[in-house]
Every structure is written in structure tokens, then in C-alpha cells.
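Reading the structure
If you want the building blocks of each chain, they are given just below.
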Amino acid sequence: MSSNDTSARLVEVGRDASPVELKPRPARTTKATHEPLAPSLLKSHRDLERPPFQCIALVLQGGGALGAFQAGVYQALAEANMHPDWVSGISIGAINAALIAGNAPQVRLEKLHAFWDQVTAPHVPDFFGLADSYFGLADSFLRGDFGRGFLNRLNANGTLINGAPGFFKPRIPPPYLSPPGTIEATSWYDTAPLKTTLESLVDFDRINSGETRFSIGAVNIRSGNFVYFDSSTHTIRPEHILASGALPPGFPPVEIEGELYWDGGLVSNTPLQWVVSGDTRQDTLAFQVDLWSARGEVPSDLSDVVVRQKEIQYSSRTRANTDFFKAIQRARGALASMLKKLPPELLDSEDGKVLQAVADHKVLGNILAKLPPELVDSEDCKILQAVVDRSVYKIVHLIYRSKNYEGQSKAYEFSRLSMRDHWQAGYNDAIRTLRHPEALQRPTETDRVTTFDLAVNGRE
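So, here's what we can say about the structure. Keep in mind that what you see is a predicted model, and the values were worked out from it rather than measured. Every chain begins its residue count from 1, and numbering advances along the sequence as written. Local features in this predicted model are restricted to residues of pLDDT 70 or higher, and side-chain atom pairs are both shown and tallied only at a pLDDT of 80 or more, whereas totals for entire chains, interfaces and linings draw on every residue. Hydrogens and waters are ignored; side-chain quantities use all the structure's heavy atoms.

**Overview of unusual backbone geometry**
For the record, the criterion: Strands are runs of DSSP state E lasting at least 2 residues, helices are runs of H or I lasting at least 4, and numbering of each runs from the N terminus. In this scheme, a residue with accessible area under 20% of its type's maximum is buried, one over 50% is exposed, and one in between is partly exposed, where area comes from a 1.4 Å probe on protein chains only.
In this chain, Ile172 is followed by Pro173 through a cis amide linkage whose omega measures 0°. Inspection of the secondary structure puts Pro173 in the loop between strand 3 (169–170) and strand 4 (189–190). The linkage connecting Pro248 with the following residue, Pro249, adopts the cis geometry, with an omega of -5°. Mapped onto the secondary structure, Pro249 falls in the loop between helix 9 (238–244) and strand 7 (254–256). With phi around 50°, Asp47 is a residue other than glycine that occupies positive phi space. Tracing the backbone through its elements, the reader meets Asp47 in the loop between helix 1 (3–16) and strand 1 (55–60). The class for Asp47 is exposed, based on a relative accessible area of 60%. A positive phi is found at Ser91, a non-glycine position, where the angle reads about 60°.

**Points about the packing of aromatic side chains**
We count it as follows: Two aromatic rings from Phe, Tyr or Trp, using only the six-membered ring of Trp, form a pair when their centres are within 6.5 Å; if the ring planes differ by under 30 degrees the pair is stacked, by over 60 it is edge-to-face, and anything between is tilted. Working rule: Lys NZ or Arg CZ, within 6 Å of ring centre, within 35 degrees of ring normal, means a charge sits over the ring.
For the structure shown, the criterion picks out 14 aromatic pairs. Seen from their ring centres, Phe167 and Phe168 are 5.1 Å apart, and the 70° between their planes marks the pair as edge-to-face. Judged by its relative accessible area of 7%, Phe167 falls in the buried class. Here Phe168 and Phe414 contribute two aromatic rings whose centre-to-centre distance is 6.1 Å and whose plane-to-plane angle is 70°, an arrangement assigned as edge-to-face. With Phe168 in the loop between helix 6 (144–162) and strand 3 and Phe414 in the loop between strand 10 (393–399) and helix 18 (416–434), the pair connects residues that are 246 residues apart, well separated along the chain. In terms of burial, Phe168 and Phe414 fall into one category: buried. Feature note: the residues Phe115, Trp116, Phe167, Phe168, Tyr189, Phe251 and Phe414 constitute an aromatic cluster, connected by ring pairs. The ring of Trp86 is capped by Arg213, whose NZ or CZ atom sits 4.0 Å from the centre of that ring.

**Some thoughts on the packing of helix 2 (residues 68–79) against helix 4 (residues 108–119)**
Quick reminder of the rule: Angles shown run from 0 to 180 degrees and are taken between the N-to-C directions of axes, each axis being a line fitted to C-alpha atoms and, for helices, limited to the stretch in contact. Just so you know how the angles are binned, under 35 degrees is roughly parallel, over 145 roughly antiparallel, 65 to 115 roughly perpendicular, and the rest oblique. Here is the rule for handedness: rotate from the far helix to the near one, and if that takes an anticlockwise turn smaller than a right angle the crossing is left-handed, while a clockwise turn gives right-handed. We call two residues in contact when some of their heavy atoms are within 4.5 Å. In this classification, Asp, Glu, Lys and Arg are treated as charged, Ala, Val, Leu, Ile, Met, Phe, Trp, Tyr, Cys and Pro as nonpolar, and every other residue, Gly included, as polar.
In contact at an axis separation of 11 Å, helix 2 and helix 4 are set at 160° when each is read in the N-to-C sense. Regarding the angle of helix 2 to helix 4, the classification is roughly antiparallel. When you trace helix 2 past helix 4, the crossing you get is left-handed. Contact with helix 2, carried on its side by Ala68, Ala71, Tyr74 and Gln75, involves Arg108, Leu109, Leu112 and Trp116 of helix 4 and no other residues of that element. For the contact of helix 2 with helix 4, the class distribution of residues is 6 nonpolar, 1 polar and 1 charged.

**As for the nonpolar core**
How we decide: Nonpolar core, defined: a set of buried Ala, Val, Leu, Ile, Met, Phe, Trp, Tyr and Cys residues in which side-chain atoms within 4.5 Å join the residues together.
In terms of nonpolar packing, the biggest core is built from 74 residues, with Phe115, Trp116, Phe167 and Phe287 touching the most fellow members. Once residues lying within four places of it in the same chain are set aside, the contact partners of Phe287 are Ile56, Ala57, Leu58, Val59, Leu77, Val396, Leu398, Leu434 and Leu440. With 11 residues, the next largest nonpolar core counts Ala57, Trp86, Val276 and Val449 among its residues.

As C-alpha cells, this is what we get:
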């Protein structure tokens, strides 16, 4: 059919059609989702009002030289007046946690800068500020991902040979020349410098005062059990922080009260579970700062394989654990609501009583509140109280994402240049997160647990 024939037919239809037939077809309506609109982004992250939570927790993962990312996150939190009530960490996270909990809020950033500047000090005299870039080579010739990757490997090799100032130094003679059974025979490096650094930068009396709760994790070498050193149950000393970061075979085990301990990251590199499922159940806003991302690309060579293996191993499945905790808390709430609708004869059955013990939201908590003091103090009642949890939890994920040029040595590449990059990355991610009002919103009684992850929920 020609275009002219088509036009004629259209004109003919137009002549014969009634006004009703010419009425335009109504627009197709979409089904309402009834989802609330996200609040507008804040213009600034500074001087925010404290969110409606009983506890603000800062949870810090282990990751060596990447730990400067956590310092940058804390800087943004401090500018927002989000000072933590509870700081928990593993390995380098334990060191950052001690620098935060062991100092007054107004000097915490100063102490963090002092530590990170010290451990990334150049190994050669730097009279003109050029040592980080190998006296201008990075700016002049070694540019781009290849050049920066080359410089990072040089810096990492320098750390292997010389250690990190104020942190660790190589053993001389090396461990294989030391008598078996001595502490010198069990590691390549000596962490005595870190003990001196901690004693100069951390007020341990302040940590033990309980003003800010402090928890760090380590592994008992004999039993293989994961142990938390908590300021509510332990008198914290420098040895506890050394133990949490004693990653073998680089660093030696640390003796505490007759037992030897290694880095907590050997079992779990993330102390989130201790904060949300420990002895203190309270409405909690937890900033979970991870240095290893569970998500990544498929490796293309052996170097990438090593990097990806470390990321998977040390990420401790943070998102998966959070999702599991969220599902458990929601299930408890749903079960409690369902039990309220059951007839009394079912509630009084043995199965009903078991379900009531699990449904902590409304049932068991109400029962325990009515018990006389002598029963509340009983062992059986303490077991039941451990189940009770009326609290809500908001978990904010802040996860470092490696640059293309960072390889398998990124955790021990203690250069000043990389430290500043990691610090700035943490600061930027925290600012962008805090500008999202929903990141700090209290969960509903139905949700109980909600999360915010800039990579997933970010609107910029």
C-alpha cells in the first residue's frame, strides 16, 4: 500500500468517526508503590543532631596499611558530632580504636595523625618533601596506574626490609637463626616499637574508665578460640592491642596472663557480632568500617589471585552476616506478633513455651520484667535474658574499594602517599554517607534491623 492510500484511509476514518470515537485514549496508570520518597540530601555533614539511638558504635576491621581509611572515616564522624559510645576493632582496627577511645574527643584526630605520620615516615632523610614520590620520579615519569603500582611495590619492599617506624622492625638475627622455643624464633619482625608508640599516644586510664566502651578481638593460640578483650570486663593494657594485631608469621604472639594470643583476624576480622549480639542489648547505630571488600572482579593473573584471595578471606562476609542478623531479628519480631494471636491453650503447651522463649520482642521480655528479684538473679533467668532483645539496629557499611594500581602488598605498603590517599578516601565516603538522612534513620519496630551501604543505597 502506498503512502497516499494510507493517508486517504486516515482521512476517511476521520470523516465518519463520531466525537466519542475521537476521544483520546486515557493514559495507562501504573500501580501505586506507596514507597515513601527519599529525603533530600543534606548540604553538609557537619554538626548533625544525634540520631535517636542509645549507642553509636564504631566497628573497625583489620587491614594493615589500609587502616588510614578508618581514620578518615572518623574525621568525618567527628565533624558531624557523631562521637562513638563504643569502639571495637581487630588488628589495625584495634590500634585505631585505642587511639580514639584512649583520648578526649578534641585531641583524637591529632593522635590519629601522629600515629599514621609516624608509621609512614620515609626511610631516607626527606629535606624537600620528595621522598614519597622517589624524589620527583612519580610526578615526572611514573604516572598512571602502571607507574603508581610500580612505586607502591617499591615502597612495600622497603617496608619488608626496614619495617615501619614506630610500629615494627625486622629481627636481627632472623628467626631461623634464633633458638627454637624463644619468642625471636616465631616471627620475622619485632613489635616492641608499637608498644612504645601506644604508650605515648594512648591514655589507658581513660580507656579503663569506661567513658567509651572499648572491645578488641584476638585468638588464643592453644585453644584456637576467639577472645574479646573488653573494657567492661578487662583492664586494658598495650599488650591487649598488640595481641589483636599479632598476625603470624610476621608478628610474634603476645602473652597475656600466661596465655599466648595471635591476631583476631585469623578467626574473624570483623567485630560487628560482638557489638550487636553481645551482653548489652540497646538501640544501636553501628558504623562498620571494612578494609576488604567481599565483592570484586575475577582475577586475570596470579597477582590478582592473591589480592582476591585476601579480600575474600579478610572481608569476613560482613554483608552476609548482617543479612543473617537482620533475618533473625525480623523472624523474632514476627513470631512474637503471631504468638499474641494464639489461643491460651496453645500458648500454655510445651511447644508454645519454647516459641515464647525465642520470640523476644514482646513476650519473654514482659514476663522477665514481672519476676521477683530472687528469680531475676538466677542462672536460668540470666540465660533467658540473653535471648531477650527489644532493640533496633542500624548498620552503616563503609567499605574501602581498592584502586586499580593496588596489588597484593597493599596491606603492608606504608608510604606517606598511600596513607594520605586512604585517609582521604575514608573521609570522602563518610561525608557522602552522612549527607544521606536515611543512613541515620531509626528502623521501625517491624524492621528491627536496617542497613545503609553507599555502594548500594547512595543517590549521588
